[in-house]
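Structural overview
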Amino acid sequence: MKAIKRVIEFVTWEWLLTRAHHSNGSTVIITRAFLTAAELWILALALRNFLDPSRSWTFSSIELRNQLIGTASWFATIFAALYVGYYARFSSQWTYLAGVYNQIKAAECRGTPDNGGKLALADWKAGFIEDAEELHLATKPMMAAIISVWSKDSETREAFIKHVPGGETRLINLLTRIEGSLRTNRAR
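Please read these numbers as outputs of a predicted model, since none were measured by experiment. (Residues numbered from 1 in each chain as written. Predicted model: local features only at pLDDT ≥ 70, side-chain atom pairs only at ≥ 80, totals over all residues. Heavy atoms only, no water.)

Turning next to the side chain of Ser-23. On the secondary structure map, Ser-23 appears in the loop between α2 (15–18) and α3 (26–51). Its relative accessible area of 19% is what places Ser-23 among the buried residues. Of note is the side chain of Ser-23, whose polar atom sits 2.2 Å from the side chain of Thr-139. Engagement of the side chain of Ser-23 in a polar contact is seen with the backbone nitrogen of Lys-140, the distance being 3.4 Å. Excluding anything up to four places from it in sequence, Ser-23 contacts Leu-17, Val-28, His-136, Thr-139 and Lys-140. (Helix = DSSP H or I, 4+ residues; strand = E, 2+ residues; numbered from the N terminus. Buried < 20%, exposed > 50% of the residue type's maximum accessible area, 1.4 Å probe, protein only. Polar contact = N/O pair within 3.5 Å; in protein donor to acceptor, adjacent residues only side chain to side chain. Contact = heavy atoms within 4.5 Å.)

And the structure:
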């Protein structure tokens, strides 16, 4: 199962998010949609030529150009479908995270009368930070600023370290990436 997951991560270019740690957003969505569409288009052309008994395996640049022109609409359709899928996923993740943030801020506005409420709020913020990282949105400028501020709170840091797998190491690595992102955005 792990091997299948890695193949899918490679073929769909999700490694741009998981391994290269790019933030999810328009640039990554367009890049992933384009590259994945190109892979699928090439695969479709190869299968078409392989399965058609009237075609030979002799290379012809003229035939290749004719096939590329004749199937350009395939590429456009595949690209559009992938873009819509990747964008819908991104939009859903962003909406979820914005909703969690708004709930946390509403709870802060109501106040936390006792220490139990303060600790619950710290757990909630730690969960937000983990979700932002898992959804590849932590280094987006708005999310990075929130995480940078919330991670300075000792209760939130402790909750993250206690409840998130890889706690302290993961938080240090995340904060390093966030600081780099914030520095880049300040320089613009």
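There's more to say after this.
So, on to the pattern of salt bridges. Between side chains of opposite charge, pairing is possible as soon as their charged atoms come close. For the structure shown, the criterion picks out eleven salt bridges. Across the pair Lys-125 and Glu-108 runs a salt bridge, and its minimum N-O distance is 2.5 Å. Residue Lys-125 is found in helix α6 (residues 115–134), and its partner Glu-108 is found in helix α5 (residues 72–110); the two are separated by 17 residues along the sequence. By relative accessible area, Lys-125 is classed as buried at 11%. Across the pair Arg-170 and Glu-134 runs a salt bridge, and its minimum N-O distance is 2.5 Å. Of this pair, Arg-170 sits in helix α9 (residues 167–187) while Glu-134 sits in helix α6, placing them 36 residues apart in sequence. On the basis of relative accessible area, Arg-170 is assigned to the buried category, the value being 16%. (Salt bridge = Lys/Arg side-chain N within 4 Å of Asp/Glu carboxyl O.)

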